[in-house]
Amino acid sequence: MRKYFEFDKLGTNYRREIIAGITTFLAMAYILAVNPFILSGADLPPELKANYPEFHSVFTATALAAAIGSLLMGFLGRLPIGQAPGMGLNAFFTYTVVLTMQIPWQQALAGVFLSCTIFLILSLTGVREAIIRAIPQGLKYAVSAGIGLFIAFIGLKNAGIVVANDATFVALGHLTFFHEGMKPEDILAAKNALLAVFGLIVTVVLLSRKINAGIFIGMVVTAVVGMIFGLVSLPGSIVAPVPSIAPTFGAAFQYLGDPSALFTVNMLIVVLTFLFVDFFDATGTLLGVASQAGLLKEDGNLPRPGKALASDAVAGMAGAVLGTSTTTAYVESTAGVAAGGRSGFTAIVVGVMFLLALFFSPILAIVTPAVTAPALIIVGVLMASHVAHIAWKDLDEAFPAFLTILLMPLTYSIATGIATGFIVYPVMKVLKGKAREVHPAMYVLFFVFLAYFIWLRE
């Protein structure tokens, strides 16, 4: 085992790798509560929840997908990187694909499986590098930043910090002092909004003090305070049998064999969006974490890039079969690297921890919108930081990026933001006389996304 993971070459040992794995798991553990919350439509009206997968089944699918992904990354990629269903991709799955586009969640899972299958093929061929070169760097950063704003907006909305307003569309919510005459439902909304603000402050303080598991700890502290004030239910127990995965397992297969369901403009956009976001998110995360760990080769590339990306793709396919949105590499793995993780054994420890987490499902009783909101907002902040890398002084670069970022939260659709950016970018370049600077693939995507807008409601 030491030889396979090159402990001596990397200057590490079992103790250091185990500590690093546990650290990474704690930094990622919030996904066990947040992912089922988002995918099951827990924040939606009761009449809509019937159109979404069962909450506890998604919890099991999330833990299993994270375990499979992390174990694959450890054994095949041999990198200290944990994997789990990705933030942003789960929001796209629920709020855009299922809620806005009215695509059944089973069919959406088929789209996840198909996108990850394509990702696997790209990972094992030279096409991977060609695609990376084809997409402008500014649009890559814009997509990440836009998803960050979208996730943060969902967190603010779920907590009641931001609410609907007939005159201004959105407005500040129930952040107010209680006064005589307030309706009971407004008092409850105000208390939950203030609980979310408290949780956000706690989480920001923890992360600013470099506490790696700050998001997870912040959720726990928020839940405990919510219990004290009667806003969060106490779990009936701590340990329980693993929840059944039957409601979601294999649900994608009923659509994978149906060409009429898969080969539509809307499904093409769904698959492309899943593929695009996962492909560049995974590539960027792998490079970033490996760089921090000092594992990049002299030419700046990943060691065993094909196996690392293939691990990501196969994990996503497995997650789709189990019943969750796309599984991807987690940037929170930098926490484990900071704790000394250098080999794939760190990822294996992460995978084992996710398997153990399967037996603690009763704790999900503490999950409320106020508890998950701080995690969503903070993840949004971290993703939005990519705006710093956009060439804002060049309008032909800045304008498409700006529209991509802005339209994701304003239209409540990640796909709309991406489609707009990919349409406007080549148009701006052509009008500026830089048509040759645009990769031919971008012109192809221009027509694909234009078709998306034309036949959006079909």
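Along each chain, numbering runs from 1 in the same order as the chain's sequence is written. With the structure being a predicted model, the display of local features is reserved for residues of pLDDT at least 70 and the display and counting of side-chain atom pairs for 80 or more, all residues being used for whole-chain, interface and lining totals. To obtain the side-chain values, all non-hydrogen atoms of the structure were used and water was disregarded.

As annotated in an unreviewed UniProt entry, the protein is Guanine permease from Brevibacillus reuszeri. Annotation of the protein in UniProt includes, under Subcellular location (unreviewed entry), the sentence "Cell membrane". UniProt positions are given in the numbering used here, feature names are shortened, and annotations may be inferred rather than shown by experiment. Of the comments in the UniProt record for the protein, the one headed Sequence similarities (unreviewed entry) reads "Belongs to the nucleobase:cation symporter-2 (NCS2) (TC 2.A.40) family. Azg-like subfamily."

(A) Representation of the packing of aromatic side chains. The pairing test for Phe, Tyr and Trp rings, Trp by its six-membered ring, is centres within 6.5 Å, and the orientation test on the planes gives stacked under 30 degrees, edge-to-face over 60, and tilted for anything in between. Applying the stated criterion across every chain, the model contains 21 aromatic pairs. The structure contains a cluster of three or more aromatic residues connected by ring pairs, namely Tyr-4, Phe-5, Phe-7, Tyr-14, Phe-75 and Phe-345. Whether a charge sits over a ring depends on NZ of Lys or CZ of Arg being within 6 Å of the ring centre and within 35 degrees of the ring normal. Directly above the ring of Tyr-4 sits Arg-78, whose terminal nitrogen or CZ lies 4.8 Å from the centroid.

(B) Region of interest: the layout of surface pockets. Only protein atoms enter the calculation, which uses a 1 Å grid: trapped sets of points that fit a 1.4 Å probe without letting it out are cavities, open sets showing protein on both sides within 12 Å along at least five of seven lines are pockets, and any residue with an atom within 4 Å of a point is a lining residue. Grid points are joined across faces, edges and corners, and a volume is the space filled by probe spheres set on the points. By volume, the second largest pocket is sized at about 420 Å³. Looking at the second largest pocket, it is lined by 22 residues, and the ones nearest its centre are Ala-29, Leu-32, Phe-216, Phe-360 and Ile-363. By definition, any uninterrupted DSSP run of H or I lasting at least four residues is a helix, any uninterrupted run of E lasting at least two residues is a strand, and each is numbered from the N terminus. Counting only elements with at least two residues in the lining of the second largest pocket, the list comes to helix H2 (14-28), helix H3 (31-39), helix H11 (214-228) and helix H17 (344-357). The element best represented in the lining of the second largest pocket is H11, accounting for six residues.

(C) A look at the packing of H3 against helix H5 (residues 55-77). Helix axes use the C-alpha atoms of the stretch in contact, all axes being lines fitted to C-alpha atoms, and the angles between their N-to-C directions lie in the range 0 to 180 degrees. Where H3 meets H5, the axes come as close as 8 Å, and the angle between the chain directions of the two elements is 135°. In terms of axis orientation, H3 runs oblique to H5. As H3 packs across H5, the resulting crossing turns out to be right-handed. Contact residues: Ile-31, Leu-32, Asn-35, Pro-36, Phe-37 and Leu-39 in H3; Phe-55, Val-58, Phe-59, Thr-62 and Ala-63 in H5. Taken together, the residues that form the contact of H3 with H5 break down as nine nonpolar, two polar and no charged. What sets the label is the angle itself: under 35 degrees gives roughly parallel, over 145 gives roughly antiparallel, 65 to 115 gives roughly perpendicular, and the rest give oblique. When the near helix sits turned anticlockwise from the far one by under a right angle, the crossing is termed left-handed; a clockwise turn instead gives a right-handed crossing. Here, two residues are considered to be in contact whenever any of their heavy atoms come within 4.5 Å of each other. Three residue categories are used. Nonpolar comprises Ala, Val, Leu, Ile, Met, Phe, Trp, Tyr, Cys and Pro, charged comprises Asp, Glu, Lys and Arg, and polar comprises the others, including Gly.

(D) Expanded view of the pairing of strand E2 (residues 162-165). Judged from the four bridges that link them, E2 and strand E3 (residues 169-172) form a sheet pairing that is antiparallel. Residue pairing across strands places Val-162 opposite Leu-172, the latter belonging to E3. Hairpin geometry of E2 and E3 is characterised by an intervening segment of three residues between the two adjacent antiparallel strands. Pairing between strands requires that DSSP locate at least two bridges from one strand to the other.

(E) Summary view of helix H19 (residues 395-411). By this rule, a helix spans an expected 1.5 Å times one less than how many residues it contains. Relative to the 24 Å expected for 17 residues at 1.5 Å per residue, H19 spans 23 Å between its end C-alpha atoms, a close match to the ideal helical length. Accessible area is worked out with a 1.4 Å probe on protein chains only. A residue is then buried under 20% of its type maximum, exposed over 50%, and partly exposed in between. All of the buried residues in H19 are Asp-396, Glu-397, Ala-398, Pro-400, Ala-401, Leu-403, Thr-404, Ile-405, Met-408 and Pro-409. Residues of H19 that are buried in the fold lie against helix H9 (137-159) and helix H20 (414-431).

(F) Region of the structure containing the packing of H2 against H17. Axis separation between H2 and H17 bottoms out at 8 Å; the angle between their running directions is 50°. By the criterion of interaxial angle, the relationship of H2 to H17 is oblique. The handedness of the crossing between H2 and H17 is right-handed. Here Tyr-14, Glu-17, Ile-18, Ala-20, Gly-21, Ile-22, Thr-24, Phe-25 and Met-28 of H2 come into contact with H17, specifically with Phe-345, Thr-346, Val-349, Val-350, Met-353, Phe-354 and Ala-357. Looking at the contact of H2 with H17 residue by residue, the class counts come to twelve nonpolar, three polar and one charged.

(G) How the structure looks around unusual backbone geometry. At Arg-78, a position not held by glycine, the phi torsion is positive, near 55°. Within the chain, Gln-102 stands out as a residue other than glycine whose phi angle is a positive 60°. Given the relative accessible area of 59%, Gln-102 is considered exposed.

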